[in-house]
Each structure stands twice: as C-alpha cells, then as structure tokens.
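# Observations on the model geometry
Chain by chain, the residues run as shown.
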Amino acid sequence: MKTAVIYSCHLENRAHEPENWQQIALCKEFAEQNGIEIIDSYWDYVTTKKEPLLMKKRLLEECRNQHWDMVLFSSITILGRNLKHIMKFLNEISKYLEYKIVNQENDKLLKEIGKWLKTLHKEKRL
C-alpha cells in the first residue's frame, strides 16, 4: 500500500475557497478510493498573502527524506497564484516522490491542463 501526506492551505476571509478541513477531507476520500494510506498532514492557515507558508516549506524539506510515497494536494490553487513558482515547487517535489492534485485526477480537462503546465515549465516557457 502506498503512503501519503496531505498539504492544505487556506487564506483567512476567503469564503469562496475551501477551508483546510475540506481540502483534507477531499484528499482522504481520494486516498481511500485509491488504496493510499494517509500518514500525516501539513497545513498552512494564513491571515494575509504576505505571510510565509511555513508548512509548505517544511513539507518540501521533509520530502527529501522520503518517509512516504506521495503528497496529495486538493487543487493547484492552494499552492499560490504565480504559476511559475507553483510549477517550480511541484518540480522540486517530483525529484523525491510522486504527487497528486486530487481535482485534476477527477477531471479530464484539469488533468490535461496540468500536463500542459508541466510541459511549459520543462521547456522554460512558463
């Protein structure tokens, strides 16, 4: 059985975005449906866009030690608003282990967009 951790992030007062508990529930549901054991979760809750995402940084550092097989994210939007930075972060994680963006796994269009973003980043066009 594969093991995974979940990363979630919520900016306070963003009512239109899922709370951390909702993101974690979505990832846990995905894990259960795909035979993945969740062993931990990392979550950031910030009050302003300027606050550092400390758990995101810690997650990346701990991925280097490979205590699990993959990281689950509910969506790509929780990782920030700058696509270049998001793809750099995901590329760094993929050096050590697999990651899944749950809403892309469940939606063909989002999955295709994710593939294009990876390609554009690799070709340094993003």
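Please read these numbers as outputs of a predicted model, since none were measured by experiment.

### Quick look at the overall build of the protein chain
The number of helices and strands found in the protein chain is five helices and four strands. Each helix (α) and strand (β) of the protein chain, taken in turn from the N terminus, gives the series β-α-β-α-β-α-β-α-α. Here the C-alpha radius of gyration of the protein chain, 14 Å, is about what a compact globule of 126 residues would show, namely 14 Å. In terms of its C-alpha atoms, the protein chain occupies a principal-axis envelope of roughly 35 × 35 × 30 Å. With 126 residues in all, the protein chain has 38% of them scored as buried. Within the protein chain, counting contacts between residues at least 6 apart in sequence, those at least 24 apart form 71% of the total. Put simply, the protein chain shows about 8,000 Å² of open surface, and 52% of that area lies on carbon and sulfur atoms.

### What about the packing of aromatic side chains?
The final tally for this structure, using the stated rule, is four aromatic pairs. The rings of Tyr7, Phe73, Phe89 and Tyr99 are connected pair by pair, giving a single aromatic cluster. In this arrangement the basic side chain of Lys56 is found over the ring face of Phe89, its NZ or CZ atom lying 4.7 Å from the centre.

### Looking at the state of the cysteines
For the coordinates displayed, the defined rule picks out zero disulfides. Cys27 provides the cysteine sulfur closest to Cys9, a residue in no disulfide bond, and the two sulfurs are 13 Å apart. On the accessibility criterion, Cys9 (11% relative accessible area) is buried. Between Cys63, a free cysteine, and Cys27, which holds the nearest cysteine sulfur, the sulfur-to-sulfur gap is 14 Å.

### Comments concerning the nonpolar core
Formed by 22 residues in total, the largest nonpolar core has its most connected members in Tyr7, Leu59, Val71, Phe73, Leu90 and Ile93. Contributions of two or more residues to this core are made by β1 (2–11), α2 (54–63), β3 (70–73), α3 (83–94) and β4 (98–101). Contacts of Leu59, omitting those with residues within four sequence positions, involve Val5, Tyr7, Tyr42, Trp68, Val71, Phe73, Phe89 and Ile93. Listed in part, the 10 residues of the second largest apolar core include Ala4, Cys27, Met70 and Val102.

### Details of the pairing of β4
Here β4 shows a clear split, with Tyr99 and Ile101 buried on one side and none of Glu98 and Lys100 buried on the other. Looking at chain direction, β3 and β4 are connected through four bridges and run parallel. Along β4, the bridge assignment pairs Met70 with Glu98. The handedness of the β3 to β4 crossover, carried by α3, is right-handed.

### A short note on the layout of surface pockets
The calculated volume of the largest pocket comes to roughly 380 Å³. Lining the largest pocket are 18 residues; nearest its centre among them are Cys9, Leu53, Ile78, Gly80 and Arg81. For the lining of the largest pocket, the element with the highest residue contribution is β1, accounting for three residues. Broken down by class, the residue content of the lining of the largest pocket amounts to seven nonpolar, five polar and six charged. When its volume is computed, the second largest pocket comes out at roughly 230 Å³. For the second largest pocket, the lining is made up of 14 residues, of which Tyr99, Gln104, Glu105, Gly114 and Lys118 are closest to its centre. Per element, the largest residue contribution to the lining of the second largest pocket is five residues, and it comes from helix α5 (residues 108–122).

Rules behind the numbers
- Residues numbered from 1 in each chain as written.
- Predicted model: local features only at pLDDT ≥ 70, side-chain atom pairs only at ≥ 80, totals over all residues.
- Heavy atoms only, no water.
- Helix = DSSP H or I, 4+ residues; strand = E, 2+ residues; numbered from the N terminus.
- Rg over C-alpha atoms; globule rule 2.2 N^0.38 Å.
- Buried < 20%, exposed > 50% of the residue type's maximum accessible area, 1.4 Å probe, protein only.
- Contact = heavy atoms within 4.5 Å.
- Areas by Shrake-Rupley, 256 points an atom, 1.4 Å probe, with all protein chains shown as cover.
- Phe/Tyr/Trp six-rings, centres within 6.5 Å; stacked < 30°, edge-to-face > 60°.
- Lys NZ or Arg CZ within 6 Å of the ring centre and 35° of its normal.
- Disulfide = S-S within 2.5 Å.
- Core = buried A, V, L, I, M, F, W, Y, C linked by side-chain atoms within 4.5 Å.
- Pairing = 2+ DSSP bridges.
- Right-handed = clockwise from strand over helix to strand, strands pointing away.
- 1 Å grid on protein atoms, 1.4 Å probe; cavity = no way out; pocket = protein on both sides within 12 Å on 5 of 7 lines; lining within 4 Å.
- Points joined across faces, edges and corners; volume = space filled by probe spheres on them.
- Nonpolar A, V, L, I, M, F, W, Y, C, P; charged D, E, K, R; others polar.

That is the geometry; function is a separate question.
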